[in-house]
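Here is how the chains run, residue by residue.
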Amino acid sequence: MSNPFDRPSGPTGPDGPQRPGGPGGTGGARPASTSRRPGALVITAIVLVLAFMLLSAFASFWTERLWFGSVGYQEVFTTLLLTRIGLFFVFAGLMAAVVAVTMAMAYRYRPVLWPGMPGMPDDGMDRYRQLLAPRMGWVIGGAAAVMGLFAGASASGQWRSYSLWRHSQDFGTTDPYFGKDVGFYVFDLPFWHYIVDFVMALAVVGLIASLVMNYLFGGIRLSARPGERLTSAAQIQVSALLALFVLAKAVDYWLDRFDLVTNSGSIFTGMGYTDDKAVLPAKEILAGIAIVCALLFLANIWRRTWLLPSVGVALFALSAIILGLIVPTLVQAIRVNPNVPDREGPYIKANIDATRAAYQLDQIDVRNVGAAVDGAGELDTLDGMTDGIPLVDPQIVSEIFEQQQQVRAYYSVPNVLDVDRYEIDGTDRAVVLGVRELDQSGLAENDQNWSNLHTAYTHGNGVIAAFANQRPEDDSTQQTGIQWAEGAEADEDTLSRVAGEDGYETRVYFGEQSPTYSIVGQRPGGAPVEFDLPQGDRSEEDVATTYDGEAGVPIGNVFSQLLYAVRFSEPNLILSSRVHENSKILYDRNPRTMVEKVAPWLTVDSDPYPAVVDGRIQWILDGYTVTDKYPLSQRESLEEMTDDSLQENTGFQTLPTDEINYLRNSVKATVDAYDGTVTLYEWDEEDPILQAWTEVFPDTVQPKDQIPDALIEHLRYPEDLFKAQRFQFQRYHETSASAWFEGSSRWEVPSDPQRTTRLQPPYRLFTDTGEGETWSLTSVYVPRDKENNLAAYMAVNSDATTDDYGKVSVLQLPNEPTGGPLQIANTFATNEDVSAALLPYTTGDANRVPGNLLTVPIGNEFMYVQPVYTRRDGESNFPILRFVLVSYQNRVGIGTTLVGAIEDALTSDASTDGSSEEPTEEPTESPTEEPTESPGSQPTQEPGGETDVAELLRQADAKFAEADEAQQAGDTVRWARLMEEGRELIRQAVRQIG
């Protein structure tokens, strides 16, 4: 039989059929048909893309492993990897097994069907059955693998909760509602929730897989008569999977009961009246109903009727709506809202107690102090009590450090410097310091090539430091200029001498501004190529050096060079002659990043600070253990709690969110600025979360007694912990539930007088809160919505060498008017004597730059101190400290030194304080108009003729003469005042003349 699609046969010679274009035709040979298969070029491109993606992934993984090995924390990488892989395969395997078993059973017990089977309507699935049946093994395997991958990826992200569950600890404290140890909520409950959620996901995915397979192969026929739409096998599978889901939901309801003590309510975190009386019983009842529904689904396996399960599900849904939604809403509206203080009082009290324990607020010592008295103190006594007050503003003087100490354009210091203390000649001195780090943007544009950026300019050099109280090394009389404790000149070497005879290692390869990566190491027989800073002079002669520290990954072989070339997308790592057999690569060099990587369970303080310890520059960092599962404790955003005018983006990432309700400074960490050695030390040894993590990562955290004595001298109370505590204490200083709810005694952290949209930061200084002068971190409170008054003063002992380290003291003021920071700043800005003194320095292109407004306790009184800088316009002009302002005992004083300002305040008129004035929205940084003359500078009668003009000119001449004498005597304040009075007399004379 002929095929209609066959080509006709016949002679092929000249007389036979001819193709177009043959003899007698008009064209050539018939063109070959175009192939629809991808060409070799496309296949090659796809293979290359896939190969590059695999290479990139492998390069990222392997170079990360090499980095951990280079800093000595290979076991952390291994533990993380094995934990994540183990979780991935266990949960991926469970999900894949459930999907595969449900699909295989649905296929195995499918009804016998074939196309056009008599008595069976055509359901349109025949074509799919014919397509899938020969490939069913691949279909089942592929579906199981895909779902397993999703489940495994999700599970591998649970390594934290799994690790804490495996190594759970007891806190030794139980909650008042369930009697469970706090450790149950912190360590156990989160992972149990994940297990239950995973079981429900197994049931749902398995149910979907079973329904699809049964529908495709006839186990479910929607067009059949009721009662015949599911085969017996399909009904058994669906019933079993629904029973599993509902049973897991029952367990979920039971576990949800415990979440009531950690959930955030509208007023506070934790169990409330409605939760206790309505939500808790509802969840218990719903758990019981869910168990009954699960039993009904299991019974459906034998009874083969959906009536009872349907009734159970309807009852379950109705109960969930009534018990879970309607009843709690009615209880809240009828029982709670009309009587919130009475109904919620016991629950608020529980929240107060838990919050104070979780943030260690219950250990704060609160002491009442009396109101300031109107009387003068002794100048010598006040000078001794205030000689350590820092006048060098860490934010403002950064520009001075840049201008006076940065001898090369490719070095820089941070915008906000750090404050530390050093024992110099037996006296603790506060110093403001910053690391002279590499700033490659300072290189000329033509010099910013790959060799320079990554092989020549590789590191910073040394620290720059100034005495915070602006007194020289011998701590004698305060000077008007910066007193350097460490600088570029040969005689600016106090810290070098304190470090020892050989000084300290100045090269800084690991810092906050280090390059992305640097290639270091000297070629055999070659010369050093890394630029260094000459020491002891300002010579422009180049000095070369070579890094020889332990850290860094060797890249002397082509394989390593290839991996890093892929990681950094830089072919020069393979092609450049600067990369040789002795080369190492340094990367991930920011101290905070390094600690976060080797201790991924820590939340690291946002402010690493440098210290010269045992001849090395060490970056010191504070590590926190945190959780948001501490029962009944108030949950808040860590970023919000630590926000102030100096705070930049913190990037806290340990938890899925940055909300926490428990915080401990459990670890002190150091990073060597030269060789990158990372060391973790236990600090809060009683913290259960730290104890759990040290079991997860053994031998990564050193015992507390291994901390060197030289390092302990520079450990300090961390700022982020202090700011979180002051944030919570502004409300939780109240232990009465009714007073807490009313909020009448609530405090606030005041606005920064120089940036009123942000909060005032805490300050480090030597202060005395009644138990002797200590190195402290301090802050103040003002009444809520009343920033013109001072409510309390807060200070924490930051001297880690004393037994009282970490003791927080709060001095609470009586309910009497006492000027707060914003009001005092306004007083300084509007004071006539201050304006007159600053006028010569703030005219033309000069600007007034107010420094930190410090609050210092003096007995039961408080003194405000503020340095005032002036700066002229221009990039090369830096701020210069001109005056110090003091507010003490309702008096304002100004002087070129602190003691001069205190003396001026003691002898000034108390009425000049301006305490009766309300502060402006934002303190004026410079006088808005020229100051008026001082009392007594005007003539006693209204000028009315030439005699009066002559008298005015005579008085002006006398004022100028007195001003000259004051200038020669060095009394700048009196000179400025007299000059302004003389000018005003001349202006009056000019107006009189007409």
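Residues numbered from 1 in each chain as written. Predicted model: local features only at pLDDT ≥ 70, side-chain atom pairs only at ≥ 80, totals over all residues. Heavy atoms only, no water.

Q: How should the sheet that holds strand β4 (residues 427-435) be read in this particular structure?
A: The strands that make up a sheet pair up through hydrogen bonds in the backbone, lying either parallel or antiparallel. Read from one edge to the other, the open sheet built from 4 strands follows the order β3-β4-β7-β8, with strand pairing classed as antiparallel. Of all the strands in the sheet, the pair left with one neighbour each is β3 (418-424) and β8 (484-486). Taking each pair of neighbouring strands and ignoring which way they run, the sheet shows an average axis angle of 40 degrees. Strand direction decides the pairing type here: β4 and strand β7 (residues 463-467), joined by 5 bridges, are antiparallel. Within β7, the position partnered with leucine 433 by the bridge is alanine 465. (Pairing = 2+ DSSP bridges. Helix = DSSP H or I, 4+ residues; strand = E, 2+ residues; numbered from the N terminus. Axes fitted to C-alpha atoms, helices over the stretch in contact; angles between N-to-C directions.)

Q: In this structure, what is going on with the packing of helix α1 (residues 40-70) against helix α15 (residues 558-567)? I would like to understand it.
A: What describes two packed helices is the angle between their axes and the distance between those same axes. The N-to-C vectors of α1 and α15 enclose an angle of 110 degrees; their axes lie 9 Å apart at closest approach. What the angle tells us is that α1 and α15 run roughly perpendicular. α15 is crossed by α1, and the crossing has left-handed handedness. In this structure, α1 contributes Leu55, Ser56, Phe58, Ala59, Ser60, Trp62, Thr63, Glu64 and Leu66 to the contact, and α15 contributes Phe559, Leu563, Tyr564, Val566 and Arg567. In the contact of α1 with α15, the residues fall into 9 nonpolar, 3 polar and 2 charged. (Parallel < 35°, antiparallel > 145°, perpendicular 65-115°, else oblique. Left-handed = near helix turned anticlockwise from the far one by under 90°. Contact = heavy atoms within 4.5 Å. Nonpolar A, V, L, I, M, F, W, Y, C, P; charged D, E, K, R; others polar.)

Q: For this particular structure, what's the right way to read the pairing of strand β24 (residues 755-759)?
A: If a strand is regular, its side chains alternate between the two faces of the sheet. Across 2 bridges, the pairing between strand β23 (residues 751-752) and β24 is antiparallel. Note on β24: the bridge partner recorded for aspartate 752 is arginine 755. Counting the residues that bridge the hairpin from β23 to β24 gives 2 residues.

Q: Would you explain the sheet that holds strand β10 (residues 517-520) in this entry?
A: Spatially, β10-β14-β13 is the arrangement adopted by the 3 strands of the open sheet, whose pairing is antiparallel. The open sheet has two edge strands, β10 and β13 (553-554), and neither has a second partner. Sheet analysis places β10 next to strand β14 (residues 584-587), joined by 4 bridges and oriented antiparallel. Within β14, the residue paired with serine 518 across the bridge is leucine 586.

Q: What exactly am I supposed to notice about the nonpolar core here?
A: Most often, soluble globular proteins have nonpolar side chains that are buried together. Ile585, Trp601 and Leu680 are the most contacted members of the largest nonpolar core, which has 159 residues in total. Examining the composition of this core, we find that 16 residues originate from one element, helix α6 (residues 182-216), more than from any other. Within the second largest apolar cluster, 21 residues are counted, among which are Tyr793, Val834, Leu838 and Val868. (Core = buried A, V, L, I, M, F, W, Y, C linked by side-chain atoms within 4.5 Å. Buried < 20%, exposed > 50% of the residue type's maximum accessible area, 1.4 Å probe, protein only.)

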